[in-house]
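An overview of the molecular structure
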Protein chains: 2
Amino acid sequence: MSYLAPVKDMLFVLKELAGIEAVAALPGFEEAGFDTAQAVLDECAKLAGEVIAPLNVEGDRAPSTWRDGAVTATAGFAAAFRQFVEGGWQGLQHPAEYGGQALPKLVATPCIEMLNAANLSFALCPLLTDGAIEALLTAGTEAQKMRYVPKLISGEWTGTMNLTEPQAGSDLALVRSRAEPQGDGTYRVFGTKIFITWGEHDMAENIVHLVLARTPNAPEGVKGISLFIVPKFLVNEDGTLGARNDVHCVSIEHKLGIKASPTAVLQYGDHGGATGYLIGEENRGLEYMFIMMNAARFGVGMQGVGVADRAYQKAVAYAKERVQSRPVDGSLKTSATIIHHPDVRRMLGTMRALTEGARALAYVAAAHSDLAHGHADADVRARHQAIYEFLVPIVKGWSTEMVNDVASLGVQVHGGMGFIEETGAAQYYRDARILAIYEGTTAIQANDLIGRKTVRDGGAVAKALLGEIAQTCEALGQAGSAAAQSLRAQLEKGAQSLANVVDFVLANVKRDPNAVFAGSVPYLKLAGIVLCGWQMGRALLASQREFEQDLEFHGAKIAIAQFYGEHVLAQAGGLETAILSARGDASVLALSEVQF
Amino acid sequence: MSYLAPVKDMLFVLKELAGIEAVAALPGFEEAGFDTAQAVLDECAKLAGEVIAPLNVEGDRAPSTWRDGAVTATAGFAAAFRQFVEGGWQGLQHPAEYGGQALPKLVATPCIEMLNAANLSFALCPLLTDGAIEALLTAGTEAQKMRYVPKLISGEWTGTMNLTEPQAGSDLALVRSRAEPQGDGTYRVFGTKIFITWGEHDMAENIVHLVLARTPNAPEGVKGISLFIVPKFLVNEDGTLGARNDVHCVSIEHKLGIKASPTAVLQYGDHGGATGYLIGEENRGLEYMFIMMNAARFGVGMQGVGVADRAYQKAVAYAKERVQSRPVDGSLKTSATIIHHPDVRRMLGTMRALTEGARALAYVAAAHSDLAHGHADADVRARHQAIYEFLVPIVKGWSTEMVNDVASLGVQVHGGMGFIEETGAAQYYRDARILAIYEGTTAIQANDLIGRKTVRDGGAVAKALLGEIAQTCEALGQAGSAAAQSLRAQLEKGAQSLANVVDFVLANVKRDPNAVFAGSVPYLKLAGIVLCGWQMGRALLASQREFEQDLEFHGAKIAIAQFYGEHVLAQAGGLETAILSARGDASVLALSEVQF
């Protein structure tokens, strides 16, 4: 099997770090405790490993194709999608009343990781559909929900997000697509949308496009954008499909990676206007879109974790098999498998430490989301919501940055074979490269982290988390082992760097925004490194507690946690220096354009 | 023009950092001073920009093709190669008596950078030919030199290096190809060689393969390998081409990048044996091959610099053109070109700082090579040779690691467009990825840095260089400006980290080789960061001296040098921590195979 979901590691995080029992104590989640999670994960691991992962290479070699406006998915994808939806996986975290399984996000999250590890291109389709479902559930009318959500959950239809236009990428203020009211409650939508993932395909009978456009006389900028449902086929009153709508796929992109996932250019209204239905109120489209985007951003973070784990698994398998050179310590007189070589160990250790840290933080974030939605106490809900929102840009930004390094190390472990496409390591390197770009580049995540998540509350959440990290450091200090001492030292230093940077951001964001935002991505990375390091500290403590139960498993967890401190957390000081040294009056900020 | 060679920056390095006047004072190089260098670089810039760079995209879209054993290069490549050799560029640094230009390596090096920036796939062909020429000149008989070198310099023939076999990559001890003496001074060669760059093509009438193989009864391991000339077509006594030799290209690889460069599988001796001619003595093949490899490794380092610069140029052009979002400091009420955004500045600054640092170190190394060959005083020659040899793995390893980051940032600056192949940024990302792998992976370079370059001389060269860095720190301390103070602080810290690591390596390499080699690549990176930082310090001092001559140019140099300190040198401490924390009895070194 080319992908074996790390169910044991995932369950360790659910139980020891993300607190699945607290989530299962929430109303409605009584059945969703550890045992359920284990059963769900085991089942999903089978689907991912046996059905979806084998299509990954084929999707890269024979991508989706466009012809005369129609897109044909890679052979096998449609059948696998059928199996996916028939197993109920699209509805995993959606309400039972619309046909979903109503499981916690915490249980859905490892499944999303598995699907993305198995086949990033494939998993994008359900990911976008999840986003459309969330937006409809939040802002749609009851009739809209009833009309669209069950079909999206059943997989008869899929969903898309239509934000980007040629001139409007990160900058949605520049959106020009327009929607003209027809007096009958419907609108006619006109415009060109680009980079629409699974914007056209043959895996489902209908596609529900959620589209940002401007109504006549709407205010300029982001405050004049509305959100519309534009189905590929209009839907009759009885739910059957009606006429083909005036939205057409004029081309798909030739991309570096995720080649099986068709990235469509969609043309709206070339034949009189595409019929669209307003979601919620006019001019509040960006707000609704952010619901989709936050869900999607978290999901993209999981894509990073998933691809990183897949790349790690492949590298480990090769390192155990490839024989080359004698060990440097003279322990063998013959050439050895390369996993004997210290630098290969370092690479594999780095890959695994980064992956495990990012996974842990993401699952912890998912638990906060569940508590934010389901807890009985409003104050508790608000606190968890604030933490979740703080973590989303970090989960998205850090997981997708680290996966580039992990996938690159995966290529490197393979040596020359890594550069040969048949080997497969290069596909992860190519596929992964989109993750730090779409659903908001790392810089966009970092702006969010600074503006909405750090400055707006005066650093309250950041400081609360630093307080929790201090407690973990204290526990590590009392834990005795050399591994715990080493990690405590690095985690303390890293937390101090993060605290200094938070203070710097708060003190200077008004006075010298250029200096603060020049350090935005380093700040996000620092936060990712330290918060994941915190989880590695908690993992180390848990594994020391449980050590006798499973020496091999927990021994590895402890070693990787220590390694994380020495190799990843050790980078914190350098990031702090880079951030704090930014000054508006010097360095590259001051160069004129011609000097570049 | 898609590539504009940075001639002004290159000349700055030649003059201010690499000491071209000292090289021009060497016997035979009297004509090769600054003015000559300027003329040569200007001419090469034209060829690279106008003739070779325009073929780069086409080579990626329509790679070299294989059919029935013959390889056809991308359309236009053969004609461009003709223009290249007719201009005398293949012979740039080779002796006049064989038709070369006999210019210093220091002058050839910027030209090599340009060619590789223009078109990595194309430039690989002359690079390999350079290696073959060097090996022949060093170890060949006079007859062999006269027979092959003039044709290689004229470009009528090209050269290859045949080391790798399916089971023997980094580990040449595993080479199995064999050579049977025929009693007439020739050998019959049998075996399979893989990953042979430009191993078959239609750009020249003959290909001179230099092949590692074992003679009967040769000792096992690397001490039983000999080096053979195996021409594609046998060469008659009068120099005309004779029979086709028994070496055949059975396939070429489908690769992540450098697609126009055919990577051949060569089969020797399937029809009775390929006729080969021993170079030098039996069983000394590895020694001779290292001559080629050292030249080639330095050249691959320049490939890293070249691709990094190309990626930087493309990113700058896009950043000046793409309009998206308002400046964070409120300085514009409308959306601005993205070069206004601090994070884009940070990315461009990082790309440029890494590129300029690596370029400077490489050119300085080239000057040491010239002095090592040409100086009148044997002690001076030996000192320069030792420094050059110390620098080669760093130039190779660091330039090729940093280019992955630079090319990745280049993609990131382009946002979603970066992931679309038509944009072109992704090609640099793909092409660059081979550089840290071929001619010895970074780990192989790092082993060389530790074993042959640090431990063998008891750290003498490393410490001598640290002494020179201390002098630069002192000069920066006296230079007054805030930029100089900032860089001095970071350079001092970085040098201290490097000094600590050198001591650690020397003290522990015997006692705990696993621990030392677990830090081998971090050591190489640390050395690269610090030594390039040293050059940035020297550049800053030179630009402060020359500032009044050209405010714009030198102002940028000073800003980038400061930025290098704050963003790149600042990483030194983290690397030191990672290296010094390695212990054989803990962390990933101690994990059993099943724990991975």
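Residues numbered from 1 in each chain as written. Chains lettered and ligands numbered in written order. Predicted model: local features only at pLDDT ≥ 70, side-chain atom pairs only at ≥ 80, totals over all residues. Heavy atoms only, no water.

Re the interface of chain B and chain A
With 91 residues of chain B at the contact, the number on the chain A side is 91 residues. Summing both partners gives a buried area of about 7700 Å² for chain B against chain A, and 60% of it is carried by carbon and sulfur. Taken as a group, R345(B), F419(B) and F596(B) account for 11% of the area that chain B buries against chain A, more than any other trio of residues on that side. Taken together, chain B and chain A are joined by zero salt bridges. (Contact = heavy atoms within 4.5 Å. Buried area = accessible area lost by both parts, 1.4 Å probe. Salt bridge = Lys/Arg side-chain N within 4 Å of Asp/Glu carboxyl O.)

Some thoughts on the nonpolar core
Formed by 396 residues in total, the largest nonpolar core has its most connected members in L348(A), Y523(A) and L348(B). Dropping the residues within four chain positions of it, L348(A) is found in contact with Y312(A), A315(A), V316(A), A319(A), I339(A), V413(A) and F596(B). (Core = buried A, V, L, I, M, F, W, Y, C linked by side-chain atoms within 4.5 Å. Buried < 20%, exposed > 50% of the residue type's maximum accessible area, 1.4 Å probe, protein only.)

A closer look at the pattern of salt bridges
Residue and element names in this part refer to chain B. Following the criterion strictly, the structure yields 50 salt bridges over all chains and no others. Between E43 and K46 there is a salt bridge, with its nearest N and O atoms 3.7 Å apart. Highlighted residues: E43 and K46, both in helix α3 (residues 34–52), separated by three residues, approximately one helical turn. Residue E43 is classed as partly exposed on the basis of its relative accessible area of 42%. You can call K46 partly exposed: its relative accessible area is 43%. (Helix = DSSP H or I, 4+ residues; strand = E, 2+ residues; numbered from the N terminus.)

Some details on the UniProt feature "domain: Acyl-CoA dehydrogenase/oxidase N-terminal" (unreviewed entry) in chain A
The positions that UniProt labels "domain: Acyl-CoA dehydrogenase/oxidase N-terminal" (unreviewed entry) are, in the present scheme, residues 37–156 of chain A. Helix makes up 66% of residues 37–156 of chain A and strand 5%, and the two end C-alpha atoms of the span are 26 Å apart. (UniProt positions renumbered as here; feature names shortened; annotations may be inferred.)

A word on the relation of the copies chain B and chain A
Superposition record for chain B on chain A: RMSD 0.0 Å, screw rotation 180 degrees, translation along axis 0.0 Å. Both copies of the chain, as the preceding transformation shows, are related through a two-fold rotation axis. (Least-squares fit on C-alpha atoms with pLDDT ≥ 70 in both.)

Thoughts on the packing of helix α13 (residues 442–455) of chain B against helix α17 (residues 520–546) of chain B
All names here are of chain B. Two numbers describe how α13 lies on α17: the axes approach to 8 Å, and their chain directions differ by 80 degrees. Looking at the two axes, α13 sits roughly perpendicular to α17. Contacts from T442, A443, Q445, A446, N447, L449, I450 and T454 in α13 reach S520, V521, Y523, L524 and A527 in α17. Split by residue class, the contact of α13 with α17 holds eight nonpolar, five polar and no charged. (Axes fitted to C-alpha atoms, helices over the stretch in contact; angles between N-to-C directions. Parallel < 35°, antiparallel > 145°, perpendicular 65-115°, else oblique. Nonpolar A, V, L, I, M, F, W, Y, C, P; charged D, E, K, R; others polar.)

Things to note about the pairing of strand β9 (residues 241–244) of chain B
Residue and element names in this part refer to chain B. Here strand β8 (residues 233–235) runs beside β9; their pairing, made up of two bridges, is antiparallel. From the neighbouring strand, V235 faces β9, where its bridge partner is L241. Taking the residues between adjacent antiparallel strands as the criterion, β8 and β9 are bridged by five residues, where G239 takes a positive phi near 90 degrees. (Pairing = 2+ DSSP bridges.)

With respect to the domain arrangement of chain A
Residues and elements named next belong to chain A. What the domain assignment reports for chain A is domain 1 (7–154), domain 2 (158–283) and domain 3 (446–590). Using C-alpha coordinates to define each centre, domain 1 is positioned 24 Å away from domain 2. Facing 33 residues of domain 1, the contacting portion of domain 2 comprises 32 residues. When domain 1 packs against domain 2, the two sides together hide about 2800 Å² of surface, and 67% of this comes from carbon and sulfur. For domain 1, the biggest contributors to the area lost against domain 2 are V71, R147 and Y148; these three give 21% of the whole. On inspection of domain 1 and its partner domain 2, the count reaches one salt bridge. Between E237 and R147 there is a salt bridge, with its nearest N and O atoms 3.5 Å apart. Where domain 1 touches domain 2, the interface holds 13 residue pairs in polar contact (both at pLDDT 80 or more). Among the secondary structure elements, those contributing two or more residues to the side of domain 1 that touches domain 2 are α4 (56–61), β1 (65–67), β2 (70–72), α5 (77–86), α7 (120–139) and α8 (142–154). The element that contributes the greatest number of residues to the side of domain 1 that touches domain 2 is α7, accounting for eleven residues. Grouping the constituent residues of the side of domain 1 that touches domain 2 by class yields 19 nonpolar, ten polar and four charged. (Domains from an automatic or database assignment. Polar contact = N/O pair within 3.5 Å; in protein donor to acceptor, adjacent residues only side chain to side chain.)

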